[in-house]
Structures are given as structure tokens and as C-alpha cells.
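What follows is each chain in one-letter form.
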Amino acid sequence: MSLTYMMLSPYAFLSKYETASYLDLLKLKNELIQKIVVFENDYDHKNLNWEINPSPDVHYQWNLKVLGKVCSMLCEAFNEEYEMGDKSISDYYGEMKEKKS
């Protein structure tokens with residue numbers, strides 16, 4: 001079984017995050033990093049029953065490209081919301097830690 005689909009360009013994908021909050025961008029960054037780590041730790045794993053096109057290495061490169069742009073967006077969002085905005089740094093403390101239930 002072969003699965004083929006079109007990938008959005010990084011710019012088209014990120015266009016829906018143009019007005020995203022710092023926390024939303026932080027979540028996206030973490031998701032991208034998880035996908036990158038999976039590839040880097042298991043890049044030679046192959047499922048013999050099906051193929052993915054574009055290939056996993058293309059997904060990896062796409063994730064890296066998007067991550068670079070998200071990091072820049074994170075910097076801007078942090079400055080807008082915490083440095084220049086209404087949120088104080090004390091409101092920020094701990095937002096990057098996962099909440100335990």
C-alpha cells in the first residue's frame with residue numbers, strides 16, 4: 001500500500017499561525033521537535049507493508065524548515081506579549097512545563 005499526498009509549503013502552513021499566541025506557537029514548536037526526534041532516533045526503520053510519499057526524510061527536512069521559522073515567530077510573540085504587552089514575566093513562569101494531572 002502506498003500513501004501519497006501533497007505537502008503544503010512551510011510558508012502556506014505557517015500562514016495560519018500569523019496571529020497565533022506565544023503559547024500556541026510553543027505547542028507547535030514542541031510538536032515539531034517530537035517529530036524531528038522520532039526521525040533522528042529511528043530514521044532507518046521501514047514498514048514493509050506500505051510506503052509514504054513524500055518520504056520520511058522529506059518530512060524531516062520540512063519539519064526542520066518550519067521549526068526554524070517558528071522559532072523566529074516565537075521570539076516575536078514573546079516580545080509582543082511579555083516584554084511589550086500586558087503579560088508580566090511572573091505570568092509566564094512555568095508555561096513551558098507540561099501540566100501534570
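Before any of the text, the structure's been laid out above.
The text that follows walks through the structure, step by step, so that each part is easy to find. Here the structure is a predicted model, which is why all the values come from computation and not from measurement.

Attention shifts here to the packing of aromatic side chains. Aromatic ring pairs: the centre-centre distance and the angle between the two ring planes describe each pair. A full pass over the atoms with the stated rule returns six aromatic pairs. Ring plane angle 45 degrees and centroid distance 5.5 Å describe the contact between F13 and Y17, whose orientation is recorded as tilted. Note on F13: relative accessible area 14%, which makes it buried. One aromatic cluster in this structure is built from F13, Y17 and W62.

What follows is about the environment of L26. By the element assignment, L26 lies in helix α2 (residues 22–42). It is 9.9 Å that separates the C-alpha atoms of L26 and F78, two residues lying 52 residues apart in sequence.

All right, on to the nonpolar core then. Grouped together as the largest cluster of nonpolar side chains are 19 residues, with contacts concentrated most on Y22, V66 and V70. Looking at this core, the elements with two or more residues in it are α1 (10–15), α2 and α3 (56–83). Considering each element in turn, this core owes the most residues, nine residues, to α3.

Analysis parameters
- Residues numbered from 1 in each chain as written.
- Predicted model: local features only at pLDDT ≥ 70, side-chain atom pairs only at ≥ 80, totals over all residues.
- Heavy atoms only, no water.
- Phe/Tyr/Trp six-rings, centres within 6.5 Å; stacked < 30°, edge-to-face > 60°.
- Buried < 20%, exposed > 50% of the residue type's maximum accessible area, 1.4 Å probe, protein only.
- Helix = DSSP H or I, 4+ residues; strand = E, 2+ residues; numbered from the N terminus.
- Core = buried A, V, L, I, M, F, W, Y, C linked by side-chain atoms within 4.5 Å.

Nothing here speaks to function; it is all geometry.
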